[in-house]
Amino acid sequence: MPTSVSIRFTHAALQAIAEDNDIDLLHIKGPTVDERLLAVVSAGDQLCGAPGTVARQSVDADVLVRPAHVDRLFEVMHRHGWTTAYHFADGSAFEHAATLTHPVLSPADVHRRFPGIGIDASTAFERLWAERHTVPIAGTPCPVPSLRAQRLLLIVHAARGGALDHSDIQRSWHFGTEEERAAVQQLADDLGAEVALAAGTGRLEEYHGMRGYELWKALSTNERSHVRIWVARVRSEATVVGALRTAIRLILPNPRRLHTTLGRRPTAREMARAYAQRARWGLGEVAQLVRSTSLGRRGRR
Amino acid sequence: MTVYRIPKGVAFVVPDGEPDPPGVVFLMHVPDGLPQVLQNSAAWIWLSAVEGEPDVADAVAHLVGRAKHEVAADVEVFLADLVGRGLLEEEPSVP
């Protein structure tokens, strides 16, 4: 079965599970993206001779679930044969998504929040849910974010990956009308996503000094220094507790990732070695950062 | 004339890039079924049925370039098989 087919079935299966268990989820990215935001292939490249859209390539099915329903969704998915491969804390530093796998279907990336959206995750979901609409995926009606919300999510996602020249940003922002851009900006303001949106649309300097500026500058410019990104992530946290948690989490090795790499539970000695490696790596990165900073200062004299 | 529809809980995908009419359709009972694939005339029978063709055998005969009487019996058997497997259901007739 082609991956593009399997991903659609995953969306349909998750929607069936959601409906049977009163779980609210929005289908995002991949085959759920509005046709108006897809790349267009010219008539000459099409067998039928008419212009058409290019299907998005994915490896998994992404959904955004109402945060209060996350535990219930996991419990039900497990009953239907899904296995948690990576929990939220095992994934990106944003801890925004968990990956679940299935013996037949494509993996599901279950998002409890979307990186770049600054307001409380439940409030943000409600805001997106309020303006949802339904599209058929694998013939199954699935709720998806509004067109302007899809534009925002695509832009912010591309910016997070440092892909500022990504065609998603072109189609979602630069090729949009003034009204369309204003609608996206208004939603970003409501969701606390204005810094991330600005990062994706070449206007980040307007937000210099605001919380999140350093992080989105680092992410959107593909910053190579892990320490610089670490510092930016810690500083972008709204609370001291959050900052401490992020600071520690980014330094410690991840047992579940190690488990996956080794194919078995790591031994105490392997965990200790992983701690030592992370510590050496951290010191090396800091030393490099200090060297580059002092060299930079000398150069300016 | 029997009218068919897709049963609730049956998902279907025609893969990207398929010609018209598509030569392949994947079906699956969600969330727990196994994906199944229908190809060529099997796909055309299912698609014709769910698209509301009033005479599925006639539509399929046209697609395969044969006379209706040559394919009608096989089409009817396959439609019944699809209904039995829960991949198709008959619309209740309107009184």
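Heads up: these notes are all about the structure in this document.

The rules we used
Residues numbered from 1 in each chain as written. Chains lettered and ligands numbered in written order. Predicted model: local features only at pLDDT ≥ 70, side-chain atom pairs only at ≥ 80, totals over all residues. Helix = DSSP H or I, 4+ residues; strand = E, 2+ residues; numbered from the N terminus. Contact = placed C-beta atoms within 7 Å. Nonpolar A, V, L, I, M, F, W, Y, C, P; charged D, E, K, R; others polar. Pairing = 2+ DSSP bridges. Axes fitted to C-alpha atoms, helices over the stretch in contact; angles between N-to-C directions. Buried ≥ 20, exposed ≤ 12 C-beta atoms within 10 Å, placed from the backbone. Arc of directions from axis to C-beta.

**Topic: unusual backbone geometry**
Leaving glycine aside, a negative phi is the common case for residues, and trans is the common case for peptide bonds. Along the chain, Asp20(B) connects to Pro21(B) via a cis peptide bond; the corresponding omega equals 0 degrees. With an omega of 10 degrees, the peptide bond between Val30(B) and Pro31(B) qualifies as cis. Within the secondary structure, Pro31(B) sits in the loop between β3 (24-29) and β4 (36-39). A positive phi angle is found at Lys29(A), which is not glycine, with a value near 60 degrees. Here Lys29(A) shows up in the loop between β1 (25-28) and β2 (40-41). Residues other than glycine seldom take positive phi values, yet Ala138(A) does so here, at roughly 55 degrees.

**Observations regarding the interface of chain A and chain B**
On the chain B side, the residues contacting the 16 residues of chain A number 14 residues. Top contributing element to the side of chain A that touches chain B by residue count: helix α1 (residues 3-20) of chain A, with eight residues. Class assignment of the residues belonging to the side of chain A that touches chain B gives a composition of 11 nonpolar, four polar and one charged.

**Remarks on the sheet that holds β4(B)**
If you walk across this open sheet you meet the three strands as β2-β3-β4 (chain B), and the pairing is antiparallel. A single partner strand is all that each edge strand has here, and the edge strands are β2 (10-13) and β4 of chain B. Sheet twist, expressed as the mean angle between neighbouring strand axes with direction ignored, is 25 degrees. Alignment of β3(B) against β4(B), held across four bridges, turns out to be antiparallel. Within the sheet, the bridge partner assigned to Phe26(B) lies in β4(B) and is Val37(B). Contacts from α1(A) reach β2 and β3 of chain B within the one sheet, and its direction differs from that of β2(B) by about 155 degrees. Docked against the sheet, helix α1 (residues 41-50) of chain B engages β3 and β4 of chain B, running at close to 100 degrees with respect to β4(B).

**Thoughts on helix α2 (residues 56-64) of chain B**
All names here are of chain B. Buried within α2 we find Val56, Ala57, Ala59 and Val60. Seen along its axis, α2 keeps its buried residues to an arc of 160 degrees; they face one direction. The inward-facing, buried residues of α2 contact α1 and α3 (68-84). Gly65 sits one or two residues past α2 and shows a positive phi near 75 degrees.

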